[in-house]
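# Remarks on the overall topology
Here is what each chain is made of, one letter per residue.
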Amino acid sequence: MSEEKFHFEIPKDNIRNIKYDKHGFAPSVQRISHTDHGQKLKVQTQDFITTEFKKKDIEYTSDLYLQIETPEKITIKSQKLKIENLGFELLSFSAKNESIGTAKIGKEKLNLFEQRLENYISSPENTGKTYFAPIESISSIPPENKIDETIDYESNERIEIVINLFNAITSKELLAITNSIEAELRQFSDDVKKRNFKNGVASLHCTIQAKYLPQLATDFSTIKEIKTSQTFVVPQSTPSDALPNPLTINPVKSDSLVCIVDSGINKNGIMDNLIKEQLIYINSTSIDCDYNHGTFVASRCVFGDDIDNCLGTHSLSPYFNLIDLSVFGVNNLGQVIGPSEFLLRTAIEDTVDKYAGIVQVYNLSLGADTPIKDSEFSDLAKLLDFLSKEYKVLFVVAAGNIRSLLGTFPTDHYGSPLSRIGCPAESLLGLTVGSIAKHTNGTALSDVNFVSPFSRKGPGADNGIKPELVAHGGNLIDPYSNSPRISTYGISKDGKNLSVDNGTSHSAPIITQYAQRLFDAYPQSDPNLVKGLLCHFTEPRSNHDELSESGLNYVGFGEPNIERALTAGNFNAAYIYEGQLDQDNYQFIGFHIPSTLRADEEDTKLRVKITVTYDPPVNPDNDKEYSEARITATLIKNTDRGMKDIAISAEDKYNLPWNPIIQFEKNFSRSYSAGFWELRLRLYTRGKVKNDYLQDYSVVVEIIDDNKKTDVYADVENEFSDIYKKIKVTIAA
């Protein structure tokens, strides 16, 4: 690794802002008779108020929660400002009907609303018609809309559930409301737990007969949803080769700490000195931690993918130290007991808070088997996203495993909806990792560098790219079974053997180590840059030839090249900038193309590749509009006629609105000049975002000679050394 080729930092002098004009449009809604329409709304309002003031939580809340509907083919989102002018606050939009939304209104605003409604009805000009006309109906939220559609609420079956309250409830009201609901639940359940999580979601967890749920949903206006509690699973590895004796464990390279959220890391003689603390959050029916999967995963985090080399070298070199967060237990029958989503949220939140400013990377090689759905984010994913932004940490999450053949491989297998990623891999700000094969044989289902047969695919809940990255996680043989020779290696639970296993559980740790290496190398940077570097400097990987679907859903941006994330190669140079965007200005980020890559240079071919990463705030009440910020990016080239915007074709660009990664590249052969170019960024927001909100982001701009004729890095250094300084990178010994 050459220390002379660290990436360049874009200076503040290259940044400029230009104010833009905001504008919007909301379609008008016509009524045959505004008076008749107002009379209908009046009756609906009176029915709604009568119903709500009978609820068991009415005395504890200052707000009323309701459902508002606009006319068919008129989206409620388009009428948001008009409706909110009447005193409502729209909280969320239905994923199934764009005309339906959930709203709240303060009790103190009811009188004014009713006065304005009366004036709308009785005044000759129907005063306020602009605001009232878009409302088709006002009603209490139907109880069945609050209950997960997978629950048979007429059944006597006892099920494990989570009740979530509206995020909009004030902290002063939460205690009384949760106490009231808890008291009601204890009539039917003896294992009620409750917690107000830091992202504003108040949850209650219990086991209860399903038949009691409709009445609960009816009696409490503040209940947002009732759903089944997910339980998380991990596979078990198989011991193989005996470890050499003696085996030297070399000194740790970095004094950083990484948290492994798993089944526990066994102090087995190899991992002992690496574990700095063990935190145990296991189910109350467990008698001990499981240790099998967690030890395997942790060993791949600290020792990497080539752990089996120790059979020849008789040594292992750990990269960092560990915090062990154990969440999988084992009962007295030896059965592995996975955590509920409620327990897992509790454990992770406590740990992130405890190690704030100390631990930056968390490995989550776990997941739920149930595939995600469009526009639905799990409670765990929502918490991970909040903690990611609030504490500036990075969660590396396994994409999940397809545990059995779902049909003829690969078309029917991957054509099944059961092949999609599961919770919490849909986390918007987390880095989700799929698996590729590195070893194959005559009966293997995947070739080298192709997606592994078991690796779950995207897209994410927002239809964005998931998984973002891939790494070696193993392979399977025909028809769908394990083979040690093409699997991954880790340390066994007892520390006496190598173990073999397959799964995205074992590809995620490779990316976890890469992420920590980048945090160590760029100690002043936040997760946006680390995520950006990992997603930018990748090698392309493949999905199976028989699959016509986009490779982004299988292998994301590819497999990271960690060396290129730290230093330039022979034919490229990279500029890096970390900044903030406001909501009033375009921001222009300047960088330079060396003259050796000018358009009339016959031996070179210019390619510009750009990755923008950012961490939008998220709205746990509104899955339909979950991300509350988006950035748009436009490349502006230098020409002999001045600066000109560049059109990027769809196949060369990844930019899904409201998804926090933008990546595009463009080849240039003519009609451009070397010298100063710019990238223009603009921030858009929605939901509850305040007007003074600033969005953190990072940018990686890479300049490449595709003909591989010129040392681009040296050219930049020679021509623009007075502008760009090398970023001081810290590399562990």
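Below, the structure is looked at part by part.

Rules used in this analysis
- Residues numbered from 1 in each chain as written.
- Predicted model: local features only at pLDDT ≥ 70, side-chain atom pairs only at ≥ 80, totals over all residues.
- Heavy atoms only, no water.
- Pairing = 2+ DSSP bridges.
- Helix = DSSP H or I, 4+ residues; strand = E, 2+ residues; numbered from the N terminus.
- Axes fitted to C-alpha atoms, helices over the stretch in contact; angles between N-to-C directions.
- Parallel < 35°, antiparallel > 145°, perpendicular 65-115°, else oblique.
- Contact = heavy atoms within 4.5 Å.
- Phe/Tyr/Trp six-rings, centres within 6.5 Å; stacked < 30°, edge-to-face > 60°.
- Buried < 20%, exposed > 50% of the residue type's maximum accessible area, 1.4 Å probe, protein only.
- Lys NZ or Arg CZ within 6 Å of the ring centre and 35° of its normal.
- Expected span 1.5 Å × (residues − 1).

Attention now goes to the sheet that holds strand β17 (residues 321–326). Read from one edge of the open sheet, 7 strands run β14-β17-β13-β20-β21-β22-β23, paired in parallel fashion. Looking along the sheet, the strands with just one partner apiece sit at the ends: β14 (275–280) and β23 (469–472). Direction aside, the axes of adjacent strands within the sheet are offset by 25° on average. Looking at chain direction, strand β21 (residues 394–398) and strand β22 (residues 431–436) are connected through 3 bridges and run parallel. The residue of β22 that forms the bridge with Val396 is Leu431.

Two elements in contact, helix α10 (residues 341–354) and helix α11 (residues 379–391), have axes separated by 10 Å at closest approach and are oriented at 5°. Between α10 and α11, the angle is such that the two are roughly parallel. Within the contact between the two elements, α10 uses Glu341, Leu344, Arg345, Ile348, Glu349, Val352 and Asp353 and α11 uses Asp379, Leu380, Leu383, Leu384, Leu387 and Tyr391.

On inspection of all chains with the given rule, the structure shows 24 aromatic pairs. Ring centres of Phe113 and Phe132 lie 5.8 Å apart, and the angle between their planes is 45°; this geometry places the pair in the tilted category. Here Phe113 is found in helix α3 (residues 110–122), whereas its partner Phe132 is found in helix α4 (residues 129–132), with 19 residues between them in sequence. What makes Phe132 buried here is its relative accessible area of 0%. Their ring planes at 50° and their centres at 6.2 Å tell us that Tyr577 and Tyr697 sit as a pair that is tilted. With Tyr577 in strand β28 (residues 572–581) and Tyr697 in strand β36 (residues 695–705), this pair connects stretches of sequence that are 120 residues apart. Here Arg682 stacks its cationic end above the ring of Tyr20, 3.7 Å away from the centre of that ring.

Let's shift gears to helix α8 (residues 292–303). Its 12 residues give α8 an end-to-end C-alpha distance of 17 Å, which sits within 8% of 16 Å, the value for a rise of 1.5 Å per residue. For α8, the tally of buried residues reaches 12 of 12 residues, placing the bulk of the element in the interior. Asn292, His293, Gly294, Thr295, Phe296, Val297, Ala298, Ser299, Arg300, Cys301, Val302 and Phe303 are the residues of α8 that are buried. One or two steps after α8, the chain reaches Gly304, where phi turns positive at roughly 90°.

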